[in-house]
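An overview of the molecular structure
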Amino acid sequence: MKVLIISDVHGNLEALEAILAETRGTYEELWCLGDFVGYGPDPNRCIDLLRDRNVAAVMGNHDFGAARRESWDFFSPVARTMIEWTAGELSDDNRIWLKALPDLRYQAGFTLVHGSPADPVWRYILDGSSAAEAFAAMDTEAGFCGHTHLPMVFSIDRRMIRHTLPRYGKSIKPPGLMWIANPGSAGIPRDGDSRAAYLLADTKSGRITFHRVSYPSRKTITKLKRIGAPSQLIRLLETGG
Ligand code: ZN
């Protein structure tokens, strides 16, 4: 089965539309690794688009903060400002839907989490020790996570942790006995590349392909300025981190 995997859309409608347009007709399932909202100016429209496509999803920390209106002290000032704004924007229907997202799910034999299997909503997988902790907690051989906004694969062979950076448009079979891949962020990239990130996977062969697509970020930025979003957020969208 072919799957489109995205994460960290963060209410960026233009980025999400660019991904959906470029991948139309190429996948059977759509998986989202959380953070549908927070930061971006179109939380409801992004959720609606993904719900219409029967997305299989997990809860992100920004989804948790905006839908439950709690744990706001855990966020940076910019993130918190936009979570508060998002909490006021969410429709009742979308708030209830976000609140009901599971922290972790198994889909076609893969583990899906926002952060890490060791702590699904909040923990980052950034280095060897956080990857080792994730593999110790993961019940499947392979999985997908988001949260760091950095596209990459961590894998483990015996005790050796390996970190693989993406080569866009090239299908790869991740090495090792276990692996966990991060597609990068669709809506708020932070790896120095301002294009929207996504990943295509073939669940049968276990091969994955990282992708980037340009989108009209000027439109998103104009909307953000209109709602008085912090200037650091505008700069992040312009530069990709
Ligand atoms: Zn995020």
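First, a word on what this report is: a plain description of the structure on this page. (Residues numbered from 1 in each chain as written. Predicted model: local features only at pLDDT ≥ 70, side-chain atom pairs only at ≥ 80, totals over all residues. Heavy atoms only, no water.)

**Let's talk about the packing of aromatic side chains**
Geometrically, a pair of aromatic rings is defined through the distance of the ring centres and the angle of the planes. Under the definition given, this model contains nine aromatic pairs. Between the aromatic rings of Trp-31 and Phe-110, the centroid separation amounts to 6.0 Å while the plane-to-plane angle is 55 degrees, which identifies the pairing as tilted. Placement of the pair is Trp-31 in strand β2 (residues 29-32) and Phe-110 in strand β5 (residues 110-113), with a sequence separation of 79 residues. Judged by its relative accessible area of 0%, Trp-31 falls in the buried class. For Phe-110, a relative accessible area of 9% translates into the label buried. Aromatic side chains Phe-75 and Trp-122 sit 5.6 Å apart centroid to centroid with 50 degrees between the ring planes, which places their arrangement in the tilted category. (Phe/Tyr/Trp six-rings, centres within 6.5 Å; stacked < 30°, edge-to-face > 60°. Helix = DSSP H or I, 4+ residues; strand = E, 2+ residues; numbered from the N terminus. Buried < 20%, exposed > 50% of the residue type's maximum accessible area, 1.4 Å probe, protein only.)

**Looking at the sheet that holds strand β7 (residues 152-157)**
Pairing between sheet strands relies on hydrogen bonds along the backbone, with the strands arranged either parallel or antiparallel. Taken in spatial order, the six strands of this open sheet run β4-β5-β6-β10-β7-β8, and their pairing is mixed. Because the sheet does not close on itself, it has two edges, and the strands there are β4 (104-107) and β8 (160-164). Ignoring strand direction, the axes of neighbouring strands in this sheet form an average angle of 20 degrees. Docked against the sheet, helix α6 (residues 128-137) engages β7, β8 and β10 (178-182), running at close to 65 degrees with respect to β7. (Pairing = 2+ DSSP bridges. Axes fitted to C-alpha atoms, helices over the stretch in contact; angles between N-to-C directions. Contact = heavy atoms within 4.5 Å.)

**Overview of the layout of surface pockets**
One number sums up the size of the largest pocket: a volume of about 230 Å³. Residue lining of the largest pocket: 16 residues in total, with Tyr-39, Asn-61, His-62, Tyr-124 and Arg-190 positioned closest to the centre. Taken together, the residues that form the lining of the largest pocket break down as six nonpolar, seven polar and three charged. Each pocket or cavity is described by its volume, and for the second largest pocket that value is around 170 Å³. Partitioned by chemical class, the residues of the lining of the second largest pocket number six nonpolar, three polar and two charged. (1 Å grid on protein atoms, 1.4 Å probe; cavity = no way out; pocket = protein on both sides within 12 Å on 5 of 7 lines; lining within 4 Å. Points joined across faces, edges and corners; volume = space filled by probe spheres on them. Nonpolar A, V, L, I, M, F, W, Y, C, P; charged D, E, K, R; others polar.)

**Overview of the packing of helix α2 (residues 43-52) against helix α5 (residues 92-99)**
Contact geometry of α2 with α5 gives a least axis separation of 10 Å together with a crossing angle of 65 degrees. When you trace α2 past α5, the crossing you get is left-handed. Only Asp-93, Asn-94, Trp-97 and Leu-98 of α5 make contact with α2, whose side of the interface consists of Asn-44, Ile-47, Asp-48 and Arg-51. Split into classes, the residues belonging to the contact of α2 with α5 amount to three nonpolar, two polar and three charged. (Left-handed = near helix turned anticlockwise from the far one by under 90°.)

**Digging into the packing of helix α1 (residues 13-23) against α2**
Interhelical geometry of α1 versus α2 gives an angle of 20 degrees and a closest axis separation of 9 Å. Between α1 and α2, the angle is such that the two are roughly parallel. Once α1 is placed against α2, the crossing between them reads as left-handed. Counting all contacts with α1, which are made through Leu-13, Leu-16, Glu-17 and Leu-20, the residues of α2 involved are Arg-45, Cys-46, Leu-49 and Leu-50. Among the residues forming the contact of α1 with α2, the class breakdown is six nonpolar, no polar and two charged. (Parallel < 35°, antiparallel > 145°, perpendicular 65-115°, else oblique.)

**Side note on the coordination of the zinc ion**
At the metal site, the zinc ion is ligated by Asp-8 (OD), His-10 (NE2), Asp-35 (OD) and His-149 (NE2), and these contacts range over 2.0 to 2.4 Å. Coordination at the zinc ion is irregular: its four donor atoms span angles of 88 to 176 degrees at the metal. All donors of the zinc ion belong to a single chain; written as a sequence motif, their spacing is D-x1-H-x24-D-x113-H. Here Asp-8 is found in the loop between β1 (2-6) and α1, whereas its partner His-149 is found in the loop between β6 (142-144) and β7, with 141 residues between them in sequence. Residue Asp-8 shares its accessibility class with His-149, and that shared class is buried. (Donors = N, O, S within 2.8 Å, 3.2 Å for Na, K, Ca; no water. Tetrahedral: all angles 85-135°; square planar, octahedral: opposite > 155°, others 65-115°.)

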